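These are the residues of each chain, in order.
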Amino acid sequence: MTAVDVHAFADTSLTEPTLTEPTFTSLPAHAEELRRLVREFAQTRLRPAVRRLDEADAADFDWELVTEAHQLGLTRLVIPRHLGGLGYGELGVAVALEELAAVDAGFALIFGATMLGQAPLLLSGDAGVQARFLPLFAGDDPVLACNAITEERAGCDLLIPEAAEHAIGVTRARREGDHYVVDGAKMFITNGKVAHYGTVFANLEGHPGASGLTCFVIPLDAPGVTRGAVADKMGYRACLGTELQFDGVRVPAENMIGGEGGGVFINIAQMNMARAAVAAIATGVARGALDLAIAWCDERVQGGKRLREHQFTARKLAEMAAKVEASRLMYLRAAHLADTRVPAPVFETATAKLFADRIAIEVAEEGMSLMGARGYVRDWGMEKYLREALGSRIYEGTPEVLALAVTDAIYTEDDGDF
Amino acid sequence: MSTYTTREQAVAVFSHLFEIMLRDETFTSTMRRDGLSVRFVHTAPEFEMYVDPDGVRIDDSPATAALAIKMSCDTAHALWSGHLLMPVAVAMGRIRIKGSVAKVIEFAPLLQPAFDRYPAIAREAGVAA
Ligand SMILES: Cc1cc2nc3c(=O)[nH]c(=O)nc-3n(C[C@H](O)[C@H](O)[C@H](O)COP(=O)(O)OP(=O)(O)OC[C@H]3O[C@@H](n4cnc5c(N)ncnc54)[C@H](O)[C@@H]3O)c2cc1C
């Protein structure tokens with residue numbers, strides 16, 4: 001790996017983010033600038049590669065495109081400037097991910113998952129662990145991270161605090177002197193195959209289920225770590241969902257973050273922060289499908305006029321457009337709140353994801369119907385949006401997990417403003 | 001029972017803590033460079049403390065503090081004593097912060113000396129650990 005200069009990107013052309021509230025009609029200047037930059041990359045560099053990325057073998061990974069995105073700053077958006085990052089918040093991240101996902105959601109998730117692997121370190125407030133790992137992302141070569149929670153026998157149980165005690169067969173950690181020893185296996189871990197390190201959640205010995213969940217930063221070249229099979233997913237194929245096996249992996253105690261048993265809290269904080277960005281990915285998928293449908297309905301002539309001139313199809317297009325607009329407003333608001341409130345609000349972030357996940361499926365499905373048989377054929381690209389929309393609703397909270405979080409927030413009394 | 005029985009005691013300990021923090025050049029210059037000021041809204045007992053590079057003010061906060069942090073004095077005691085970790089306190093809603101989260105992330109590691117200093121300051125003021 002090349003030596004890391006944390007100041008290498010200090011004089012990036014991007015404007016330093018300031019905390020300007022997004023208005024209903026415009027983004028703050030730094031977010032708008034990032035959006036333009038990422039849109040240009042997505043449309044000119046990513047779009048021509050989409051078909052290849054989608055049809056490649058499950059384990060293929062395009063480091064070349066990732067390197068280009070790294071050079072734009074996408075691997076270090078949320079890292080503070082003094083550690084070589086760009087100091088963006090969720091709003092910047094979200095608009096960038098929408099742009100990527102409108103072209104390829106799997107490619108967007110490579111960077112989303114990296115940020116998820118950075119978030120626990122940022123949330124920990126632990127200067128030591130931050131200094132050891134975060135400057136790695138500011139080098140010349142791209143460095144990725146992953147966040148490893150899901151297991152063979154425990155999925156949602158690790159995301160719902162009340163279910164943690166009932167989780168079965170969870171990866172274990174036990175203290176041995178100045179180390180922890182981690183044993184177990186994770187699955188579906190985005191970037192697991194290619195990441196430098198993972199934030200790995202393991203249950204501390206002696207605690208039932210996952211009630212002693214604890215977060216560890218584990219370099220994935222550590223002895224005892226095996227990167228396993230890549231899942232052959234129906235969508236999101238540009239990013240690799242991988243099994244990770246941990247056999248007696250010795251982790252220095254200083255790489256444990258958030259305290260023993262603090263994993264559940266890190267996990268909650270991380271999810272609440274990240275959901276606006278995941279909602280942006282789903283919104284991007286919906287927008288991609290909408291853009292394609294708009295172009296097609298303008299071109300295709302049936303019954304002597306363009307499809308968009310038929311009242312039924314006009315109605316469909318209008319509904320699709322309204323859903324994308326509403327979804328974008330919801331994630332922008334959630335992202336702004338996540339940038340200005342600690343803890344990030346549960347209600348706004350979870351409802352933004354719940355809504356975006358649903359409308360992405362509806363818009364992509366409607367898009368397919370508007371394209372007739374072409375919608376069902378891979379060459380035209382619409383069916384890919386539906387495959388991706390179905391993927392977005394699984395990670396960072398299924399609709400059922402989100403519903404529990406939302407209703408919990410509805411019935412929890414707020415102690416008012418201050 | 002609350003750790004702090006009187007408002008005076010809480011004011012004395014927490015303001016002393018930040019007066020000491022402000023003697024540290026790195027801490028103060030970073031605050032000044034980043035235009036950082038913090039309004040601590042403490043409850044049970046209730047008081048407000050405003051900290052900027054120029055000093056600590058009690059119940060005299062300008063409306064424009066960059067960050068506002070709300071927590072009970074018990075939570076503040078558990079936090080600065082090291083018994084309660086920040087991510088846990090945040091996720092449980094025991095600490096609430098308003099302002100730029102990016103600034104909070106940059107600022108939090110600078111607070112390390114406060115964790116080192118607090119137990120002795122509290123002990124001197126007769127506050128039980
Ligand atoms: C594209 C993609 C990327 C991913 N990336 C990652 C990653 O980077 N890291 C990672 O750790 N994981 C990742 N995952 C895995 C994902 O987080 C899990 O699949 C998800 O949490 C659900 O877990 P599960 O698949 O085991 O389903 P299960 O937990 O078995 O759930 C199955 C069904 O039961 C419902 N259900 C479960 N419990 C309850 C309950 N208590 N109440 C009501 N309904 C319930 C669920 O909502 C779901 O509909 C990824 C998945 C996908 C598709």
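Residues numbered from 1 in each chain as written. Chains lettered and ligands numbered in written order. Predicted model: local features only at pLDDT ≥ 70, side-chain atom pairs only at ≥ 80, totals over all residues. Heavy atoms only, no water.

Caption draft 1: Geometry of the interface of chain A and chain B. Contacts between chain A and chain B engage 27 residues on the former and 24 residues on the latter. Broken down residue by residue, the surface that chain A buries against chain B is led by Phe265, Val342 and Phe418 of chain A, which jointly contribute 36%. Between chain A and chain B we count 0 salt bridges in total. Across the contact surface, chain A and chain B share 3 residue pairs in polar contact (both at pLDDT 80 or more). Classifying every residue of the side of chain A that touches chain B by side-chain character gives 11 nonpolar, 10 polar and 6 charged. With 2 bridges joining them, strand 11 (residues 341-342) of chain A and strand 5 (residues 96-99) of chain B adopt antiparallel strand pairing. In the sheet register, Val342 of chain A faces strand 5 of chain B, and the bridge partner there is Ile97 of chain B. (Contact = heavy atoms within 4.5 Å. Buried area = accessible area lost by both parts, 1.4 Å probe. Salt bridge = Lys/Arg side-chain N within 4 Å of Asp/Glu carboxyl O. Polar contact = N/O pair within 3.5 Å; in protein donor to acceptor, adjacent residues only side chain to side chain. Nonpolar A, V, L, I, M, F, W, Y, C, P; charged D, E, K, R; others polar. Pairing = 2+ DSSP bridges. Helix = DSSP H or I, 4+ residues; strand = E, 2+ residues; numbered from the N terminus.)

Caption draft 2: Local environment of the UniProt feature "domain: Acyl-CoA dehydrogenase/oxidase N-terminal" (unreviewed entry) in chain A. Here, UniProt's "domain: Acyl-CoA dehydrogenase/oxidase N-terminal" (unreviewed entry) annotation points to residues 30-138 of chain A. Helix makes up 66% of residues 30-138 of chain A and strand makes up 0%, while its end C-alpha atoms are separated by 20 Å. (UniProt positions renumbered as here; feature names shortened; annotations may be inferred.)

Caption draft 3: Local environment of the site of the ligand. Residue and element names in this part refer to chain A. As a matter of local geometry, the ligand sits amid 16 residues, with Thr150, Cys156, Thr190, Thr398 and Glu400 nearest to it. At 2.8 Å, a backbone N or O of Cys156 approaches an oxygen atom of the ligand. Taking Phe188, its main chain carries an N or O atom lying 3.2 Å from a nitrogen atom of the ligand. Starting from 980 Å² of accessible surface for the ligand in isolation, the protein chains cover 66%. Judged by the proximity of its atoms to the pocket grid, the ligand belongs to the second largest pocket. Going through the elements one at a time, strand 1 (145-148) and strand 3 (179-190) are the ones with two or more residues in the shell around the ligand. If one sorts the elements of the shell around the ligand by residue count, strand 3 sits on top with 3 residues. For the shell around the ligand, the residue count by class is 10 nonpolar, 5 polar and 1 charged. (Near = heavy atom within 4 Å. Areas by Shrake-Rupley, 256 points an atom, 1.4 Å probe, with all protein chains shown as cover. 1 Å grid on protein atoms, 1.4 Å probe; cavity = no way out; pocket = protein on both sides within 12 Å on 5 of 7 lines; lining within 4 Å. Sits in = over half its atoms within 2 Å of the grid points.)

Caption draft 4: Inspection of the sheet that holds strand 2 (residues 47-52) of chain B at higher detail. One open sheet accounts for 6 strands, arranged 11(A)-5(B)-4(B)-1(B)-2(B)-3(B); its pairing is mixed. Here the strands that pair on one side only, and so sit at the sheet edges, are strand 11 of chain A together with strand 3 (55-58) of chain B. Pairing of strand 2 of chain B with strand 3 of chain B involves 4 bridges; the strand directions are antiparallel. If you follow Val51 of chain B over to strand 3 of chain B, its bridge partner there is Val56 of chain B. Packed onto the sheet, helix 1 (residues 7-21) of chain B meets strand 1 (38-43), strand 2 and strand 3 of chain B and runs at close to 10° relative to strand 2 of chain B. (Axes fitted to C-alpha atoms, helices over the stretch in contact; angles between N-to-C directions.)

Caption draft 5: Representation of the packing of aromatic side chains in the model. Taken as a whole and assessed by the stated rule, the structure comprises 15 aromatic pairs over all chains. Arranged with centres 5.6 Å apart and planes meeting at 35°, the rings of Phe27 of chain B and Phe107 of chain B form a pair that is tilted. Highlighted residues: Phe27 of chain B in helix 2 (residues 25-33) and Phe107 of chain B in helix 5 (residues 101-107), separated in sequence by 80 residues. Exposure remark for Phe27 of chain B: the relative accessible area of 0% places this residue in the buried category. Here the aromatic cluster, defined as three or more aromatic residues joined through ring pairs, consists of Tyr4, Phe14, Phe47 and Tyr118 of chain B. The residue whose ring lies beneath Lys353 of chain A is Tyr395 of chain A, and the NZ or CZ to ring-centre distance is 6.0 Å. (Phe/Tyr/Trp six-rings, centres within 6.5 Å; stacked < 30°, edge-to-face > 60°. Buried < 20%, exposed > 50% of the residue type's maximum accessible area, 1.4 Å probe, protein only. Lys NZ or Arg CZ within 6 Å of the ring centre and 35° of its normal.)

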